[in-house]
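Listed below are the residues making up each chain.
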Amino acid sequence: MNLNQQQKKAVEFKDGPLLILAGAGSGKTRALTYRAAYLIKEKGIDPQRLLLVTFTNKAAKEMKERVNKLIGANLPWAGTFHGFCARILRIDGQAINLPKNFVIFDEDDSLATIKQAMDNLKIDNKLYRKNNIKACISAAKNELINSLEYSQLARGVFGETVAKVFREYQRLLKEYQALDFDDLLMLGVKLLKESGPVAKKYQEKFQYVLVDEYQDTNKAQYELTKALVKKWRNLTAVGDFSQSIYSWRGADFRNLNNLQVDFPDLKIINLEQNYRSTKNILDAANQVISKNKSHPILKLWANSQEGPKIRIFEAGDEKEEAAFIAKEVKKLKYKDCAVLYRTNAQSRTIEEAFLKIGIPYVLVGGVKFYSRKEIKDCLAYLRFLVNPKDKVSFDRIVKLGKKQLDKFLEWKRPTYLTTRKILEKILEITAYLKRFDEKDEEDLERLENIKELMSVAEEYSDLNEFLQNTALVEEGDSIKENKNAVTLMTLHASKGLEFKNVFMIGMEEGLFPHARSMMNRDEMEEERRLCYVGMTRTKENLFFSYARKRLYFGFLGSNAVSRFLGDIEENLLESINDY
Ligand code: ATP
Ligand code: MG
């Protein structure tokens, strides 16, 4: 086994609550995977009795594959918190009066419903932004506060407006038999807290619960975990304070400390060797993160070489920055490169530069596959079939044409049809594909996307299962994999991943650290953690770039160099402007 002493200890830890607390690249995820394999193979635990929770579906898939490689068995219960909740709610939701065929609303559907709620209440959408209201509701749900409790807590005109919309929004969701993402967690907790028999069933079932990236759990996820391990108490959590980057979604790294309160017999294992990065990168990352005061900084050492210095490029403007990245990337293996940025909008100039000279890339988390119009149209038909109360899907179908609608409503679905056949049939009777012109480049892409959807449909012959799966795909779960392409993504999406070459772009005050964090100590510390996460994705070559002038959201600005670069000692850095 390729494990060090401490990892081995964690893998073979007997029973009871365990926390693996360690810095980036120290093999936490590896230890978790090996532990799953060890429990099944050496301890004879039935894979059905093991629950593994990770941050993205992609990470879950990777873990499944790794465990499969190690022992040739499948992990039937590996996924995200949201996916897990969707699954138990589908099986047992009736215990808390959920309809059997509930649909899961994605971000767009939820926003459409918020807007509907605001219209119903005649709330001026210029005065109040639906996104702001949605964010408040989402934050409340992550704190397990329902709409009635929210009303009692609400203060001020804005608070009371949110409270009103919250109640109306919930009423609509109920009418449509729909749950939003946050409901999945909140109701998952409710199911385990309010239904004795159901709670008992899952507490009995999951003899071991393993959770990766525990520093980014919010209250709902924390409570869920706690409820699940009540009987066996075999929780293995993995985390690093310095990598908590989702507080804006209610995540709280203090949950790592709370574990010690809830489980006084919690065993903590520290891993201290970093296997990922060169010494230079690790030193620099430590210099950046050590400025944080509100949480412990876990020590790491590396056996690796010093490695190349960290290279810094100063560009005249954002176009020059992009041209520089394109030029550098060309010298490397595309697959080994990642370009990381603070906000999604920054990808555009890089994409343009790449397109110009034909560098293949994968954009993670841009317009997501399942948010594309043609895909949403197809899914709306399917969702409506399963749940005729889904008004958001219905509205969508209506917009596709009256004749098509009538034909669709007339159709009686034979129960034996597989998802793929149903989809084909719908496309046929609504003549949906006829809208596209194969000679048009954009249309061709749409047709290809629908084909891609067909192949996903092939995997899930049961329509309900298919819909559940498509609803829960998230940032980081790129559909097209294994291409020899550069990865473009936000720093947030890069968590847990690693690349030989990393480019962190837009290293400017106001951009990164983000302008919003300037006046707030906690937020600044979170930006710093984000910088640490980005840097520690790198195995070998780390590049920073910034622009003296930048056109950003239509404004030409000039920013100072990011303070994070100033925190790194000169001897680790190298300017590569004049080569
Ligand atoms: P992060 O904090 O970024 O999530 P992590 O602590 O989960 O990182 P892993 O992703 O598990 O770290 O491991 C980092 C790298 O080190 C991987 O490439 C992994 O294969 C390798 N690695 C981990 N442990 C060992 C070991 N004992 N021997 C050799 N390589 C190892
Ligand atoms: Mg990890």
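The shown structure was predicted, so the numbers you read here are calculated from the model rather than taken from an experiment.

**Some thoughts on a negative patch on the surface**
Negative charge collects at one region of the surface, where Asp437, Glu438, Asp440 and Glu441 lie side by side. With respect to the helices and strands, the residue aspartate 437 is situated in the loop between helix 19 (419-429) and helix 20 (441-459).

**Considerations on the site of ligand 1**
Close to ligand 1 lie 19 residues; Lys28, Thr29, Gln243, Glu498 and Arg537 are nearest. Glutamine 7 has a polar side-chain atom sitting 2.8 Å from a nitrogen atom of ligand 1. Arginine 537 is positioned with one of its side-chain polar atoms (N or O) 2.7 Å from an oxygen atom of ligand 1. Computed on the free molecule, ligand 1 has an accessible area of 640 Å², of which 84% lies beneath the protein chains in the complex. At three residues, the largest contribution of residues to the shell around ligand 1 is made by helix 2 (residues 28-41).

**Quick look at the sheet that holds strand 16 (residues 538-547)**
Overall, parallel pairing links the seven strands, which are arranged 13-14-12-15-16-11-19 in an open sheet. The open sheet is flanked by strand 13 (361-363) and strand 19 (573-575), the only strands paired with a single partner. When the angles between neighbouring strand axes are averaged without regard to direction, this sheet yields 25°. As defined by bridge partners, strand 13 adjoins strand 14 (residues 486-490) across three bridges and the pair is classed as parallel. Residue pairing across strands places tyrosine 361 opposite valine 486, the latter belonging to strand 14.

**Section: helix 10 (residues 196-205)**
Buried residues of helix 10: Val198, Ala199, Tyr202 and Gln203, and no others. The buried side chains of helix 10 occupy one side of the element, clustering within an arc of 125° when seen end-on. Of the exposed residues in helix 10, those oriented more than 90 degrees away from the buried face are Pro197 and Lys200.

**A look at helix 5 (residues 107-120)**
Look at helix 5: 20 Å from first C-alpha to last across 14 residues, which is about the 20 Å you get at 1.5 Å a residue. Looking at helix 5, one finds that the buried residues are Asp109, Ser110, Leu111, Thr113, Ile114, Ala117 and Met118. Along its buried surface, helix 5 packs onto strand 4 (103-104), helix 6 (130-142), helix 8 (156-176), helix 16 (373-386) and helix 17 (391-398). Once helix 5 ends, the next one or two residues include lysine 122, with phi positive near 55°.

**A word on the pairing of strand 12 (residues 337-341)**
Consecutive residues of a regular strand have side chains that alternate between opposite faces of the sheet. Counted residue by residue, strand 12 has five buried out of five residues, so it is predominantly covered. Because side chains alternate across strand 12, one face comprises the buried residues Cys337, Val339 and Tyr341, and the other comprises Ala338 and Leu340, equally buried. In this structure, strand 12 lies alongside strand 15 (residues 499-504), joined through four bridges in parallel fashion. In the strand pairing of strand 15, alanine 338 is matched with valine 502. Pairing analysis gives four bridges linking strand 12 to strand 14, with the strands arranged parallel. Paired with tyrosine 341 across the bridge in strand 14 is threonine 490.

**A closer look at the sheet that holds strand 7 (residues 235-239)**
Taken together, the six strands give an open sheet; going across it, the order is 3-2-6-7-1-8, and neighbouring strands pair in parallel fashion. A single partner strand is all that each edge strand has here, and the edge strands are strand 3 (78-79) and strand 8 (267-271). Of the pairings in the sheet, the one linking strand 2 (residues 50-53) to strand 3 comprises two bridges and is parallel in character. Residue leucine 52 lies in a different strand from strand 3, and its bridge partner there is alanine 78. Together, strand 1 (18-22), strand 2, strand 6 (208-211), strand 7 and strand 8 form the strand contacts of helix 2, whose direction differs from that of strand 6 by roughly 165°.

**Quick look at the packing of helix 2 against helix 3 (residues 57-71)**
A pair of packed helices can be characterised by two numbers: the angle between their axes and the separation between those axes. One can describe the packing of helix 2 onto helix 3 by two numbers: an axis separation of 9 Å at closest approach and a directional angle of 45°. Classified by the angle between their axes, helix 2 and helix 3 sit oblique to one another. The two elements helix 2 and helix 3 meet at a crossing, and its hand is right-handed. Touching Thr29, Arg30, Leu32, Thr33, Tyr34, Ala36, Ala37, Ile40 and Lys41 of helix 2 are Met63, Arg66, Val67, Leu70 and Ile71, all from helix 3. Class assignment of the residues belonging to the contact of helix 2 with helix 3 gives a composition of nine nonpolar, two polar and three charged.

**Concerning the packing of aromatic side chains**
Scanning the entire structure with this criterion turns up 20 aromatic pairs. A centroid spacing of 5.2 Å and a plane angle of 75° characterise the contact between tryptophan 77 and phenylalanine 206, whose relative ring orientation is edge-to-face. Within this pair, whereas tryptophan 77 is found in the loop between helix 3 and strand 3, its partner phenylalanine 206 is found in the loop between helix 10 and strand 6, the two being separated by 129 residues in sequence. Residue class for tryptophan 77 comes out buried when judged on its relative accessible area of 6%. Among the aromatic residues, those joined into a ring-pair cluster are Trp77, Phe84, Tyr202 and Phe206. Its end group placed over the ring of tryptophan 232, lysine 231 keeps NZ or CZ at 4.5 Å from the ring centre. One Lys or Arg, arginine 254, reaches over the ring of phenylalanine 253 and ends 5.0 Å from the middle of that ring.

Rules used throughout
Residues numbered from 1 in each chain as written. Chains lettered and ligands numbered in written order. Predicted model: local features only at pLDDT ≥ 70, side-chain atom pairs only at ≥ 80, totals over all residues. Heavy atoms only, no water. Patch = residues over 30% accessible without salt bridge, like charges linked within 9 Å, V, L, I, M, F, W, Y side chains within 5 Å. Areas by Shrake-Rupley, 256 points an atom, 1.4 Å probe, with all protein chains shown as cover. Salt bridge = Lys/Arg side-chain N within 4 Å of Asp/Glu carboxyl O. Lys, Arg positive; Asp, Glu negative; His and termini not counted. Charge placed at Lys NZ, Arg CZ, Asp CG, Glu CD. Helix = DSSP H or I, 4+ residues; strand = E, 2+ residues; numbered from the N terminus. Near = heavy atom within 4 Å. Polar contact = N/O pair within 3.5 Å; in protein donor to acceptor, adjacent residues only side chain to side chain. Pairing = 2+ DSSP bridges. Axes fitted to C-alpha atoms, helices over the stretch in contact; angles between N-to-C directions. Buried < 20%, exposed > 50% of the residue type's maximum accessible area, 1.4 Å probe, protein only. Arc of directions from axis to C-beta. Expected span 1.5 Å × (residues − 1). Contact = heavy atoms within 4.5 Å. Parallel < 35°, antiparallel > 145°, perpendicular 65-115°, else oblique. Left-handed = near helix turned anticlockwise from the far one by under 90°. Nonpolar A, V, L, I, M, F, W, Y, C, P; charged D, E, K, R; others polar. Phe/Tyr/Trp six-rings, centres within 6.5 Å; stacked < 30°, edge-to-face > 60°. Lys NZ or Arg CZ within 6 Å of the ring centre and 35° of its normal.

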